[in-house]
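Survey of secondary and tertiary structure
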Amino acid sequence: MDLLKKMHECHMNNSSGKQLNFAEETKGSPETDMAEAASTSPSSTNPSWFSPQRLLVIFCIINMINYVDRGAIASNGVNGSLGTCSESGTCTSGSGIQGDFNLDNFEDGVLSSAFMVGLLIASPIFASIAKRINPFRLIGVGLSVWTAAVIGCGFSFDFWSIAICRMFVGVGEASFISLAAPFIDDNAPIDQKTAWLAIFYMCIPTGYALGYIYGGLVGSHLNWRFAFFGEAILMIPFAFLGFIMKPLQLKGFAPRESSKAQTAIETVGIETQDVEVKNDDLSTKHEARGKHSNKSAQSGVSYSLEHFSDFLRDMRVLLSEKVYVVNVLGSVAYNFVLGAYSYWGPKAGYSIYNMRNADYIFGGITVVCGIFGTLAGGFVLDYMNSTIPNAFKLVSAATFAGAICCFTAFCFKNMYPFLVLFAIGELLVFATQGPVNFINLHCVKPSLRALSMAMATVSIHIFGDVPSSPLVGVLQDYVNNWRETALILTAILFPAAGIWFIGIFLRSVDRFNEDSESRLIETDGSNTTPLLEENPAETTDDAR
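Residues numbered from 1 in each chain as written. Predicted model: local features only at pLDDT ≥ 70, side-chain atom pairs only at ≥ 80, totals over all residues. Heavy atoms only, no water.

1. Section: the overall build of the protein chain
- When helices and strands are counted, the protein chain shows 23 helices and four strands.
- When burial is assessed residue by residue, the protein chain has 48% of its 544 residues classed as buried.
- Restricting to contacts in the protein chain with at least 6 residues of sequence separation, those with at least 24 account for 83%.
- A total accessible area of about 27,400 Å² is found for the protein chain, and carbon and sulfur atoms account for 63% of it. (Helix = DSSP H or I, 4+ residues; strand = E, 2+ residues; numbered from the N terminus. Buried < 20%, exposed > 50% of the residue type's maximum accessible area, 1.4 Å probe, protein only. Contact = heavy atoms within 4.5 Å. Areas by Shrake-Rupley, 256 points an atom, 1.4 Å probe, with all protein chains shown as cover.)

And the structure:
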């Protein structure tokens with residue numbers, strides 16, 4: 001018995017020694033390290049240094065700088081005027097861009113909207129490639145292009161040089177406007193999503209107002225070129241931030257590391273089996289690797305076609321979403337009116353009411369009402385409970401009430417009742433900003449949100465504010481009465497309210513928590529989960 005017992009103990013010691021030796025041999029191997037890294041969940045990695053509040057502040061500053069640029073190029077200090085000569089023969093030199101380059105009014109008008117060419121072309125492209133490249137890095141690329149283009153504006157020497165630079169400003173801005181809102185939507189508290197979007201879009205009127213002031217001060221004290229250089233200096237840190245910080249990951253996209261990690265696990269599993277079963281034929285493994293290499297080569301050849309087909313498929317899905325289409329149609333009619341207001345408003349006010357300082361009065365009303373109206377719309381929807389039907393109810397009611405106030409305002413012959421009613425109308429009309437973008441983000445699957453925002457932006461510009469100004473000019477030439485022109489223009493807000501009212505009765509589903517595909521789309525870059533997403537490991541520990 002003693003002899004059998006000793007033989008059993010010796011066998012157990014040899015077995016444990018082999019297991020220990022195998023563990024020591026494989027502990028430091030690259031394959032094992034890869035497997036350990038692969039087994040780590042993305043959500044258990046250390047979070048980015050961004051807190052949700054920091055992310056919102058940074059995106060708001062970037063958005064404001066974008067619109068400071070738009071306001072600055074339209075300001076008298078930067079835009080300037082042509083030189084003039086009096087009847088007595090006294091001539092004054094021109095100022096700003098128009099004076100230095102001797103631009104006529106048409107060329108000067110082209111500069112103010114040239115950025116839209118790049119914006120409209122690049123927005124769908126950035127939204128589409130966000131499926132292949134980490135969206136946070138794309139924002140860094142876009143802001144770098146924006147910075148370089150703005151510097152080019154400062155060094156421009158004629159109309160075409162500055163016009164081309166303005167187009168690239170739009171290209172740089174395209175990545176940000178397509179991707180910023182989905183990032184904010186991912187990381188905002190559940191009960192404050194619309195309020196956070198409203199804060200972000202509040203920067204549009206604020207940036208415009210600051211741009212007028214900034215351009216006027218720089219143009220009058222230095223030179224218009226320094227206004228562009230100053231904007232570039234402000235944007236450079238944020239462009240670098242997109243590259244040097246650990247990128248965030250948009251909901252609906254899985255980091256490519258996850259697929260690499262899965263491959264690592266499979267490889268380690270195969271090699272472990274080879275160690276345990278030494279007599280297996282290795283030809284099977286070589287055959288599998290050969291197939292993998294052929295598959296990689298084929299995917300490389302068909303990458304472009306696959307990418308384009310993915311874009312067409314996403315567009316088909318987007319356009320089949322009735323809620324999205326109705327929301328964009330309402331936004332087009334809405335922005336048609338606001339675009340014409342911003343361009344023709346001061347001239348109409350001066351003509352109808354003989355309003356002195358019409359620029360400052362209309363500008364002040366727009367900025368104040370834009371800030372408070374946009375914030376109010378976001379907070380009210382959150383208070384109502386942020387759902388798509390509630391958003392449609394809010395935007396249709398606010399637009400209808402705002403249309404009544406603005407239409408009635410232009411019927412008054414006295415300026416003061418006009419200003420009061422017009423301000424109330426603008427306050428109500430601007431309340432739609434947050435809810436409208438909430439619908440764009442939540443009526444589509446997570447992976448389509450960037451494309452949703454991009455195509456909404458393209459649509460409201462192509463069919464809304466871009467053609468509205470010249471069409472209203474044609475209308476005024478025909479009727480030759482600014483009051484009638486303003487009333488006809490304002491009346492378009494009623495169809496906008498009606499279109500959004502239809503959205504209340506459409507079957508709507510909040511798709512924020514839906515997966516975009518049967519599997520998540522892979523993107524490259526080292527990514528983190530949204531800032532507010534809990535760490536499963538930490539949750540388990542807390543539960544214990």
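2. Observations regarding a nonpolar patch on the surface
- Residues V141, I236, F240, F243 and I244 make up a contiguous nonpolar surface patch of about 460 Å² in total accessible area.
- It is helix 11 (residues 224–244) that provides the largest number of residues to the nonpolar patch, a total of four residues.
- Inspection of the secondary structure puts F243 in helix 11. (Patch = residues over 30% accessible without salt bridge, like charges linked within 9 Å, V, L, I, M, F, W, Y side chains within 5 Å. Salt bridge = Lys/Arg side-chain N within 4 Å of Asp/Glu carboxyl O.)

3. Comments concerning the environment of M415
- One can find M415 in helix 18 (residues 415–430).
- With 60 residues separating them along the chain, M415 and M355 place their C-alpha atoms 7.9 Å apart.
- When neighbours within four sequence positions are excluded, M415 is seen to be in contact with Y353 and M355.

4. Some words on empty space enclosed by the protein
- This model, assessed by the stated rule, comprises three cavities of 30 Å³ or more.
- Looking at the largest cavity, it is lined by 13 residues, and the ones nearest its centre are Y341, G345, A348, A486 and L489.
- Contributions of two or more residues to the lining of the largest cavity are made by helix 15 (322–353) and helix 21 (482–491).
- When residues of the lining of the largest cavity are assigned to their parent elements, the largest contribution, five residues, is made by helix 15. (1 Å grid on protein atoms, 1.4 Å probe; cavity = no way out; pocket = protein on both sides within 12 Å on 5 of 7 lines; lining within 4 Å. Points joined across faces, edges and corners; volume = space filled by probe spheres on them.)

5. Thoughts on the pattern of salt bridges
- Inspection of every chain in the model, using the stated rule, returns six salt bridges.
- Taking the shortest distance from any N to any O, the salt bridge between R449 and D185 comes out at 3.4 Å. Remark: D185 occurs in helix 9 (residues 159–187) and R449 occurs in helix 20 (residues 449–479); sequence separation between them is 264 residues.
- Put simply, R313 and D314 hold a salt bridge, and the shortest N to O gap is 3.8 Å.

6. A look at unusual backbone geometry
- Its identity as a non-glycine residue notwithstanding, N385 has a phi of 95 degrees, on the positive side.
- Inspection of the secondary structure assignment puts N385 in the loop between helix 16 (358–384) and helix 17 (388–411).
- Phi angles above zero are rare outside glycine, and N480 is one such case at about 55 degrees.
- Relative accessible area serves as the criterion here: at 64%, N480 is assigned to the exposed category.

7. Observations concerning the nonpolar core
- In terms of nonpolar packing, the biggest core is built from 121 residues, with F59, I97, F392, F418 and F422 touching the most fellow members.
- Among the elements that line this core, the one with the most residues is helix 15, at 16 residues.
- Taken domain by domain, the makeup of this core includes at least three residues from each of domain 1 (52–80 + 95–250) and domain 2 (320–512).
- Non-local contacts of F59, meaning those with residues more than four positions away in its chain, are made with I139, F176, A180, F183, I184 and F200. (Core = buried A, V, L, I, M, F, W, Y, C linked by side-chain atoms within 4.5 Å. Domains from an automatic or database assignment.)

8. Quick word on helix 10 (residues 193–221)
- Here helix 10 spans 42 Å end to end across 29 residues, near enough to the 42 Å set by a 1.5 Å rise per residue.
- For helix 10, the principal kink sits at P205 and spans about 30 degrees. (Expected span 1.5 Å × (residues − 1). Bend = angle between axes of the 7 residues up to and from the residue.)

9. Some thoughts on the state of the cysteines
- The tally for this structure, following the rule as stated, stands at zero disulfides.
- Here C165 is not cross-linked by a disulfide; its sulfur's nearest cysteine counterpart is in C153, at 4.8 Å.
- Taking the relative accessible area as the measure of exposure, C165 reaches 17% and is therefore buried.
- Here C369 stays unpaired: no disulfide links it, and the sulfur of C406, its closest cysteine neighbor, is 9.0 Å away. (Disulfide = S-S within 2.5 Å.)

10. A closer look at helix 18
- The first and last C-alpha atoms of helix 18 sit 22 Å apart over 16 residues, in line with the 22 Å expected at 1.5 Å per residue.
- For helix 18, the full list of buried residues reads M415, F418, L419, F422, G425, E426, V429 and F430. In an axial view of helix 18, the angular spread of the buried residues amounts to 135 degrees, which keeps them on one side of the axis. Facing away from the buried side of helix 18 by more than 90 degrees, the exposed set consists of Y416 and V420. (Arc of directions from axis to C-beta.)

11. Description of the environment of C369
- Along the polypeptide, C369 turns up in helix 16.
- Judged by relative accessible area, which is 7%, C369 ranks as buried.
- Measuring from C-alpha to C-alpha, the distance between C369 and L427 comes to 4.6 Å, with 58 residues separating the pair along the chain.
- Excluding residues within four positions of it along the chain, C369 makes contact with T374, A423, E426, L427 and F430.

12. Brief notes about the packing of aromatic side chains
- A full pass over the atoms with the stated rule returns 20 aromatic pairs.
- Plain terms: the ring middles of F418 and F422 are 5.4 Å apart, the flat faces sit at 20 degrees to each other, and that makes the pair stacked. Here F422 and F418 lie together in helix 18, a separation of four residues that amounts to about one turn. The burial state of F418 is the same as that of F422; both residues are buried.
- Clustering of aromatic rings is evident, with ring pairs tying together F59, F176, F183, F200 and Y201. (Phe/Tyr/Trp six-rings, centres within 6.5 Å; stacked < 30°, edge-to-face > 60°.)

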